[in-house]
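Structural features, examined
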There are 2 protein chains.
Amino acid sequence: MTSATTAPGATKRGAVDGVGITDVAALAGVSPSTVSNVLNHRERVAAATIERVERAIELLGYVPNGAARSLVAGHSRSIGLVLSDLGNSLFVDIARGAERAADELGLSVVLANSDGRLEREDRYVELLTESRVRGLLLTLNDESHFREIAARSRQRGPLILLNLHADDGRFCTVSIDNEAGGALAAAHLLATGRRRLAFVGGPDSLQPIADRRAGVRRALASAGLAAVAEIGPEWINRADGWQVGRMLAPRIAAGEIDGVVAASDLLAAGIVQALAETPGIRVPEDVGVIGYDNNQAAWDAPVPLSTVAQPGEALGETGVRLLVAESDDPTHRHQAVRLDPTVVVRRSTER
Amino acid sequence: MTSATTAPGATKRGAVDGVGITDVAALAGVSPSTVSNVLNHRERVAAATIERVERAIELLGYVPNGAARSLVAGHSRSIGLVLSDLGNSLFVDIARGAERAADELGLSVVLANSDGRLEREDRYVELLTESRVRGLLLTLNDESHFREIAARSRQRGPLILLNLHADDGRFCTVSIDNEAGGALAAAHLLATGRRRLAFVGGPDSLQPIADRRAGVRRALASAGLAAVAEIGPEWINRADGWQVGRMLAPRIAAGEIDGVVAASDLLAAGIVQALAETPGIRVPEDVGVIGYDNNQAAWDAPVPLSTVAQPGEALGETGVRLLVAESDDPTHRHQAVRLDPTVVVRRSTER
């Protein structure tokens with residue numbers, strides 16, 4: 001009985017690639033496992049052999065399969081990062097922080113932008129899983145969707161949730177402390193002498209907004225105060241802010257309100273715009289307004305906005321470090337890291 | 001003579017994955033090619049068979065190899081896009097445009113951010129090639145590096161250069177007409193009654209800057225004029241603009257210059273800042289200043305800046321459409337598409 005044997009781990013010619021590792025080995029006059037070593041463990045191969053194999057690879061136009069290579073090498077050298085909204089500078093900061101940490105560890109970051117759409121989140125998780133990344137960092141708006149993804153995913157590496165807090169020990173999360181951010185915003189208005197504060201939030205279903213409101217309440221309570229008004233517009237965009245601003249203007253003009261904490265810069269920008277159109281009300285002289293996010297809306301406003309800045313780069317960096325720690329250590333214990341925001345003071349709260 | 005046969009296209013158990021397509025086939029009681037059809041050509045398979053195969057896939061935790069799947073299916077469903085600088089909103093716009101076009105075509109876009117570093121450009125081209133994208137869209141600062149990448153790359157799909165113009169018929173490019181943008185900026189200052197214009201550029205090695213200057217010269221020549229001054233600072237950042245602004249201030253105060261075209265918003269913002277610190281010079285009353293890019297610096301400036309906006313989304317969309325056209329059609333002829341920018345008028349050039 002005769003049988004054709006193939007070297008272990010070799011790809012059969014024509015199966016997928018047209019050109020396989022055995023062709024490269026044949027042309028270079030080495031074994032397929034030597035080719036594999038050139039691709040994955042160069043330190044084990046003599047320089048002259050490396051050169052011969054690389055010339056064969058080039059002549060044949062052989063494309064090493066990244067997925068197979070990464071598994072052979074033990075660990076993929078890339079990390080997947082799915083972002084909710086590239087148009088929001090917070091997510092750009094997260095990407096930059098993740099890239100910086102990955103660079104230091106000799107890893108690459110592959111990005112995808114879901115625009116917050118569930119279908120795209122699913123599609124990109126699958127796509128990045130199929131390209132065998134070492135693990136996935138996901139910024140999602142909805143923790144329950146993360147749990148669905150985690151239950152369904154075939155990703156073998158870590159799945160880490162960014163920008164949402166969850167502390168049930170089933171995966172790592174890195175989030176920004178929104179409650180602390182709300183407290184900082186209110187404390188800043190109190191420190192500039194305002195006492196009659198309104199909080200402008202958004203739908204209660206948004207956990208970050210609810211957390212910011214809790215922080216505002218806490219800071220006010222510490223000063224023996226309570227919010228004069230809490231308003232929950234339908235959404236947190238500029239137009240919502242403008243409507244709220246129109247509504248609040250008479251109360252501000254009457255001296256009932258002297259400070260406004262808005263749950264987003266877009267809301268704050270809309271509020272300031274509505275107030276600028278109201279004769280007799282000046283920002284910051286009559287009312288201080290502080291936003292949240294430190295994005296374009298804060299600079300772009302008629303009066304530059306004080307705001308709460310989120311540590312996006314630190315969030316991305318921390319995510320990458322947790323991912324690598326988890327993928328390197330089977331006994332890793334999941335962590336829920338919370339980072340602190342800071343206040344950026346601009347004209348809208350000057351005193 | 002006996003020989004063991006394997007179905008064509010089947011992956012051997014244990015070779016890479018632990019679980020292979022033959023395990024799935026065995027458990028589902030179908031042939032490996034039926035499993036392949038379920039993954040790639042569902043329309044050829046009966047519903048009951050699909051269900052059986054999918055249950056087997058789930059039970060075994062089989063991960064179809066995206067790369068192999070895409071090659072079996074004829075075309076990968078993902079496109080790679082390497083961006084030079086995610087911190088620049090132009091590139092975010094390019095990504096969003098590419099995603100919109102890809103969505104319409106049922107494709108996904110995987111992103112990577114090179115931060116303009118050659119080593120990262122190389123690394124991401126290789127990484128995305130190994131994950132078998134359908135083709136690559138690259139925004140690079142340097143055409144010669146693109147040619148090096150094209151010569152060296154094992155990417156079999158299209159390579160398309162974004163944001164740099166090249167018209168030698170060897171690949172498709174999509175760029176924004178910087179010469180037209182420079183001409184638009186100068187024409188806007190002329191239309192608002194300015195006649196004594198200065199152009200503030202940057203190093204001559206930056207092709208976009210040289211093109212913008214050529215456009216300024218052309219617009220002035222059409223009006224029978226020439227630039228009063230052309231200044232080439234070392235780079236195009238805010239600090240460079242501030243130094244130029246200090247230098248130009250006496251000539252502006254003397255009435256020698258009444259309009260400035262700056263080759264970037266950062267330059268323009270620095271210039272306006274230096275002028276704001278000079279007693280007796282008001283922007284826009286004494287001098288109109290227009291920037292280029294329409295980014296944060298334009299909104300953030302002490303006087304909001306008029307600027308030239310680049311059609312980033314259209315650029316990304318066009319890139320995806322060219323990539324798909326090229327990968328679908330072997331007789332495709334390479335195109336060099338140039339898109340037109342527009343002027344955005346803000347306070348800094350009001351009259």
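Residues numbered from 1 in each chain as written. Chains lettered and ligands numbered in written order. Predicted model: local features only at pLDDT ≥ 70, side-chain atom pairs only at ≥ 80, totals over all residues. Heavy atoms only, no water.

Side note on the environment of Ala 263 of chain A
Residues and elements named next belong to chain A. Keep this limit in mind: We count a stretch as a helix when DSSP gives it H or I for four or more residues in a row; a strand needs E for two or more, and each element gets its number in order from the N terminus. To sort residues, take the accessible area from a 1.4 Å probe on protein chains only and compare it with the maximum for the residue type: under 20% means buried, over 50% means exposed, and anything in between is partly exposed. In what follows, a contact means two residues having at least one pair of non-hydrogen atoms within 4.5 Å.
Here Ala 263 lies in the loop between β8 (259-262) and α11 (265-276). Classification of Ala 263 as buried rests on a relative accessible area of 1%. In the structure, Ala 263 is positioned 26 residues away from Asn 237 in sequence and 10.0 Å away in space, judged by C-alpha atoms. Leave out the neighbours within four places in its chain, and Ala 263 touches Phe 199, Val 200, Gly 201, Ile 209, Arg 212 and Tyr 292.

Structural notes on the packing of aromatic side chains
All names here are of chain A. The line we're drawing: Aromatic rings from Phe, Tyr and Trp, taking only the six-membered ring of Trp, are treated as a pair when their centres fall within 6.5 Å; an angle between ring planes under 30 degrees marks them as stacked, one over 60 as edge-to-face, and anything in between as tilted.
Under the criterion given, the structure shown has 2 aromatic pairs over all chains. Judged by centre distance (4.5 Å) and plane angle (75°), the ring pair of Phe 146 and Phe 171 falls under edge-to-face. Remark: Phe 171 occurs in the loop between β4 (159-162) and β5 (173-176) and Phe 146 occurs in helix α7 (residues 143-152); sequence separation between them is 25 residues. Phe 171 matches Phe 146 in its accessibility class, with the two residues each being buried.

Examining a nonpolar patch on the surface
Our working definition: To count toward a patch, a residue needs a relative accessible area above 30% and no salt bridge. Like charges then connect within 9 Å, nonpolar side chains (Val, Leu, Ile, Met, Phe, Trp, Tyr) within 5 Å. Exposure was quantified through the Shrake-Rupley algorithm and a 1.4 Å probe, taking into account, for residues, occlusion by the shown protein chains and nothing else. Within this document, salt bridges are pairs made up of a side-chain nitrogen of Lys or Arg and a carboxyl oxygen of Asp or Glu, the two lying within 4 Å of each other.
On the surface, a nonpolar cluster with roughly 300 Å² of combined accessible area is contributed by Leu 27, Leu 59 and Leu 60 of chain A. Relative to the assigned elements, Leu 27 of chain A resides in helix α1 (residues 21-28).

Some points on the pairing of strand β5 (residues 173-176) of chain B
Residues and elements named next belong to chain B. What counts here: For two strands to pair, DSSP has to find at least two bridges joining them.
Here β5 shows a buried face lined by Thr 173 and Ser 175 and a second buried face lined by Val 174 and Ile 176. Alignment of strand β4 (residues 159-162) against β5, held across 2 bridges, turns out to be parallel. When the bridges of β5 are listed, Leu 161 appears paired with Thr 173. Bridge count between β5 and strand β11 (residues 336-339): 4 bridges; the pairing is parallel.

What to know about the sheet that holds strand β6 (residues 197-200) of chain A
Backbone hydrogen bonds hold the strands of a sheet together, and the pairing may be parallel or antiparallel. Residues and elements named next belong to chain A. Cut-off, in case you're wondering: Fitting a line to C-alpha atoms yields each axis, with helices limited to the stretch in contact; the angle taken between N-to-C directions then spans 0 to 180 degrees.
Across the sheet, which stays open at both edges, the 4 strands sit in the order β7-β6-β8-β9 with parallel pairing between neighbours. The sheet is open, and its two edges are formed by β7 (229-231) and β9 (288-290), each paired on a single side. Adjacent strand axes in the sheet meet at a mean angle of 15° when their direction is disregarded. Summarising the sheet, β6 and β7 pair through 3 bridges and their orientation is parallel. Its bridge partner being in β7, Ala 198 is matched across the sheet by Ala 229. Along the sheet, helix α9 (residues 207-222) makes contact with β6, β7 and β8, crossing β6 at roughly 170°.

Concerning unusual backbone geometry
Note on backbone geometry: most residues besides glycine have negative phi, and most peptide bonds are trans. Residue Pro 284 of chain A is bonded to the preceding Val 283 of chain A through a cis peptide linkage, with omega at 10°. Secondary-structure assignment places Pro 284 of chain A in the loop between α11 and β9. If you check the backbone angles, Arg 132 of chain B has positive phi at about 60° while not being a glycine. Relative to the assigned elements, Arg 132 of chain B resides in the loop between α6 (118-130) and β3 (136-139). Using a relative accessible area of 9% as the deciding quantity, one classes Arg 132 of chain B as buried.

Concerning the pattern of salt bridges
Applying the stated criterion across every chain, the model contains 48 salt bridges over all chains. Measuring nitrogen to oxygen at the nearest pair gives 3.7 Å for the salt bridge that ties Arg 96 of chain A to Asp 115 of chain B. Of this pair, Arg 96 of chain A sits in helix α5 (residues 89-104) while Asp 115 of chain B sits in the loop between β2 (108-113) and α6, on two different chains. Take Arg 96 of chain A: its relative accessible area is 26%, and that puts it in the partly exposed class. We classify Asp 115 of chain B as partly exposed; its relative accessible area is 29%. A salt bridge links Asp 103 of chain A to Arg 123 of chain B, with the nearest nitrogen and oxygen atoms 3.1 Å apart.

Looking at the side chain of Glu 121 of chain A
All names here are of chain A. Quick note on the threshold: Neither His nor the chain termini are counted; the positive set is Lys and Arg, and the negative set is Asp and Glu. Polar contacts here mean pairs of N or O atoms no more than 3.5 Å apart (in protein, one a potential hydrogen donor and the other a potential acceptor; neighbouring residues in sequence count only if both atoms are side-chain atoms).
Within the secondary structure, Glu 121 is located in helix α6 (residues 118-130). For Glu 121, which is buried and forms no salt bridge, the nearest opposite charge comes from Arg 152, at a distance of 8.2 Å. Of the polar contacts made by the side chain of Glu 121, one reaches the side chain of His 145; its length is 2.8 Å. Dropping the residues within four chain positions of it, Glu 121 is found in contact with Ser 114, Gly 116, Leu 140, Asn 141, His 145 and Ile 149.

Here we look at helix α1 (residues 21-28) of chain B
Residues lying three or four places apart along an α-helix face the same way, a consequence of the helix completing one turn every 3.6 residues. Considered for burial, the residues of α1 of chain B that qualify are Ile 21, Asp 23, Val 24, Ala 25 and Ala 28 of chain B. Within two residues after α1 of chain B, Gly 29 of chain B carries a phi angle of roughly 70°, on the positive side.

Thoughts on the environment of Val 92 of chain B
Structurally, Val 92 of chain B can be placed in helix α5 (residues 89-104). Considered as a pair, Val 92 of chain B and Arg 346 of chain B are 254 residues apart in the sequence and their alpha carbons are 22 Å apart. Ignoring anything within four residues of it in the chain, the contact list for Val 92 of chain B reads Leu 86, Gly 87 and Val 92 of chain A together with Leu 86 of chain B.

Topic: the packing of helix α10 (residues 238-253) of chain A against α11 of chain A
Residues and elements named next belong to chain A. Cut-off, in case you're wondering: We call two directions roughly parallel when the angle between them is under 35 degrees, roughly antiparallel when it is over 145, roughly perpendicular when it lies between 65 and 115, and oblique otherwise. Crossing chirality is assigned from the near helix's rotation relative to the far helix, an anticlockwise turn below a right angle marking it left-handed and a clockwise turn marking it right-handed. Three classes are used, and their members are as follows: Ala, Val, Leu, Ile, Met, Phe, Trp, Tyr, Cys and Pro are nonpolar, Asp, Glu, Lys and Arg are charged, and the others, Gly among them, are polar.
With their axes 7 Å apart at the nearest point, α10 and α11 run at an angle of 45° to one another. With respect to α11, the axis of α10 lies oblique. Between α10 and α11 lies a crossing of right-handed hand. Touching Arg 238, Asp 240, Gly 241, Trp 242, Val 244, Gly 245, Arg 246, Ala 249 and Ile 252 of α10 are Leu 266, Leu 267, Ala 269, Gly 270, Ile 271, Gln 273, Ala 274 and Leu 275, all from α11. Its residues assigned to classes, the contact of α10 with α11 shows 10 nonpolar, 4 polar and 3 charged.

Here we look at the side chain of Asn 163 of chain A
For Asn 163 of chain A, the location among the structural elements is in the loop between β4 and β5. On the accessibility criterion, Asn 163 of chain A (19% relative accessible area) is buried.

Here's the deal with the domain arrangement of chain A
Residue and element names in this part refer to chain A. Basically, it comes down to this: Domain start and stop positions are those given by an automatic or database domain assignment. By buried area we mean the combined loss of accessible area, with a 1.4 Å probe, across both parts when two parts are placed together.
When its domains are assigned, chain A resolves into domain 1 (21-64), domain 2 (76-176 + 312-340) and domain 3 (178-310 + 344-349). Measuring from the centre of the C-alpha atoms in domain 2 to the corresponding centre in domain 3 gives 31 Å. Tallying the contact residues gives 5 residues for domain 2 and 5 residues for domain 3. Across the domain 2/domain 3 interface, buried area totals approximately 570 Å², and carbon plus sulfur atoms make up 44% of it. Where domain 2 touches domain 3, the interface holds 0 salt bridges. Applying the counting criterion to the domain 2 and domain 3 interface returns 2 residue pairs in polar contact (both at pLDDT 80 or more).

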